[in-house]
Amino acid sequence: MNHKISKYVVSICAGLFMVAISPELTFASMNAGVSAMISSCLQQSEGLIVATSDVLISRMAAEETQEEEKEEDQTQESLYGYKNLGLANVDTYLNVREDADEDSELVGKMPKGAGCEVYEEKDGWYHIKSGKVDGYVTSEYLLTGEAAIEKSEKFAKTVATVNTTTLFVRMEPNTDCKILTMVPIEEELTVLEEVDGGAWYEIELDDESGYVSGDYVDISMKLPKAMTMSEVKYGQGVSDVRVSLVQYALQFVGRPYVWGGTSLTNGVDCSGFTMQVYAKFGVYLPHSSRAQPNSGRTISASEAQPGDLFFYGSGGRINHVAIYMGGGRVVHASNRRDGIKISNAYYRTPLKVVSYL
């Protein structure tokens, strides 16, 4: 109890005690005295109560403001994982350079709609970080602030991140059906649909789909990230033609996927991409991912060098092909959503690896 209020209570009790031991006091005078004392206490405490109420209201308002600010900060931090969002506003990809200079070394590429953390602006350049890429991009092609937030909704997608060592992708949303392929831990899979309240998720697997158990994935909304260029810096023993072939293929990252297409700029499918890239270097392949392995030399994945082809499929049947870049990465025409992109070479289990060079 407040010490001022306690003092008033003690005073009232003391007054009652004096009345009880003084026979000279009449009941009327006793009643008048106690009434006056109580009235005085109430008048003095009234200001204290009002003041206390003001303090409480003030504190409640401050706490409410702090809570709103906290929620606003949390919302900002949870916007695809960025506090100060930047968005690549390009048709294909945005170059990320080591320094704020057009002549500076290229350290990565941000595909169309990729998100990044914006640190500062410097002479028409933004210092950014996206995925593992930290560098500078020209401000002309990077949206920030409300413009970035508004446009980001177009590119954000629901992603299932694998949280177990190896995850089976199945043909149907149950454990009794065929296994299409296996994907490694931390691989990010695009979610097409939630099934049975999150017990299963239908995911995109290049130009087909499969199902994964909700128990072994973490679901979140994410934007595309920048792609590091460190994987194109090869060590000794890799021929110039292999390096050139991969660098040529990388020029088309971000270009569209078109079923049956053969144009590297306007649209290709997976085998059309490998066919056209290889044709540039005098190797002519059929326009079919199932037929392409027949004209090369089969090798193990551990033997693969930049320029070799990785073949993937479902149920043991090949239906997709990608160009190995080295460093455990491939470049391929994936699907209509992502177009030509870079992926982990083991984002799904390769069925065959073939060398033509």
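Note: the structure precedes this text.
A short tour of the structure in this document, coming up. Nothing here was measured: the structure is a model prediction, and the numbers come from that model.

## Considering the overall build of the protein
Part 1 of the argument: A tally of helices and strands in the protein yields five helices and 23 strands.
Part 2 of the argument: Within the protein, buried positions represent 42% of all 357 residues.
Part 3 of the argument: Considering only contacts in the protein between residues 6 or more positions apart, those separated by 24 or more positions represent 59%.
Part 4 of the argument: Only carbon and sulfur atoms are counted for the fraction: they give 49% of the accessible area of the protein, which is about 19,100 Å².

## Let's talk about the layout of surface pockets
Part 1 of the argument: Empty space within the largest pocket amounts to approximately 1,600 Å³.
Part 2 of the argument: Lining of the largest pocket is provided by 47 residues; of these, Lys157, Pro224, Lys225, Lys341 and Ile342 occupy positions nearest its centre.
Part 3 of the argument: Those elements that provide at least two residues to the lining of the largest pocket are α3 (145–155), β8 (157–162), β11 (188–195), β12 (200–205), β15 (227–228), β21 (329–335) and β22 (339–344).
Part 4 of the argument: Of all the elements, β22 adds the most residues to the lining of the largest pocket, at six residues.
Part 5 of the argument: Of the voids in this model, the second largest pocket is the one considered here, and its volume is about 160 Å³.
Part 6 of the argument: Contributing elements (two or more residues each) for the lining of the second largest pocket: α5 (270–279) and β20 (317–326).

## Quick notes on the sheet that holds strand β23 (residues 352–355)
Pairing between the strands of a sheet comes from backbone hydrogen bonds, and it takes one of two forms, parallel or antiparallel.
Part 1 of the argument: With antiparallel pairing, the six strands of this open sheet are ordered in space as β18-β23-β19-β20-β21-β22. Only two strands of the sheet have a single neighbouring strand rather than two, namely β18 (297–299) and β22. Strand-to-strand twist of the sheet, defined as the mean angle between neighbouring strand axes without regard to direction, takes the value 40°.
Part 2 of the argument: Inspection of the sheet shows strand β19 (residues 309–314) paired to β20 by six bridges, in the antiparallel sense. Each residue of the ladder has a partner; that of Gly313, found in β20, is Ile318.

## Considerations on the nonpolar core
Part 1 of the argument: Membership of the largest hydrophobic core comes to 30 residues, with the highest contact counts inside it found for Phe273, Val277, Leu309, Ile323, Val331 and Tyr356.
Part 2 of the argument: Contributions of two or more residues to this core are made by α4 (240–250), α5, β19, β20, β21 and β22.
Part 3 of the argument: With five residues, the top contributor of residues to this core is α4.
Part 4 of the argument: Apart from the residues lying within four places of it in its own chain, the contact partners of Tyr356 are Tyr278, Val283, Leu285, Gln292, Pro293, Ser295, Gly296, Asp308, Leu309 and Phe311.
Part 5 of the argument: Counting 14 residues, the second-largest nonpolar core is a separate cluster that includes Val90, Val96, Val118 and Val133.

## Concerning the side chain of Glu202
Part 1 of the argument: Considering the arrangement of structural elements, one finds Glu202 in strand β12.
Part 2 of the argument: It is Arg337 that comes nearest to the buried, bridge-free Glu202 among opposite-charge side chains, at 10 Å.
Part 3 of the argument: Apart from the residues lying within four places of it in its own chain, the contact partners of Glu202 are Thr190, Val191, Leu192, Glu193, Val195, Ser209, Gly210 and Tyr211.

## A look at the packing of aromatic side chains
The geometry of an aromatic ring pair comes down to the distance between the two centres and the angle between the two planes.
Part 1 of the argument: Within the structure shown, the criterion is met by seven aromatic pairs.
Part 2 of the argument: Between Tyr248 and Phe281, the aromatic rings sit 6.0 Å apart at their centres with planes inclined by 75°, giving edge-to-face as the arrangement. Placement of the pair is Tyr248 in helix α4 and Phe281 in the loop between α5 and β18, with a sequence separation of 33 residues.
Part 3 of the argument: Taking the relative accessible area as the measure of exposure, Tyr248 reaches 17% and is therefore buried.
Part 4 of the argument: Members of the aromatic cluster, connected to one another through ring pairs, are Phe310, Tyr312, Tyr324, Tyr346 and Tyr347.

What counts as what
Residues numbered from 1 in each chain as written. Predicted model: local features only at pLDDT ≥ 70, side-chain atom pairs only at ≥ 80, totals over all residues. Heavy atoms only, no water. Helix = DSSP H or I, 4+ residues; strand = E, 2+ residues; numbered from the N terminus. Buried < 20%, exposed > 50% of the residue type's maximum accessible area, 1.4 Å probe, protein only. Contact = heavy atoms within 4.5 Å. Areas by Shrake-Rupley, 256 points an atom, 1.4 Å probe, with all protein chains shown as cover. 1 Å grid on protein atoms, 1.4 Å probe; cavity = no way out; pocket = protein on both sides within 12 Å on 5 of 7 lines; lining within 4 Å. Points joined across faces, edges and corners; volume = space filled by probe spheres on them. Pairing = 2+ DSSP bridges. Axes fitted to C-alpha atoms, helices over the stretch in contact; angles between N-to-C directions. Core = buried A, V, L, I, M, F, W, Y, C linked by side-chain atoms within 4.5 Å. Lys, Arg positive; Asp, Glu negative; His and termini not counted. Salt bridge = Lys/Arg side-chain N within 4 Å of Asp/Glu carboxyl O. Phe/Tyr/Trp six-rings, centres within 6.5 Å; stacked < 30°, edge-to-face > 60°.

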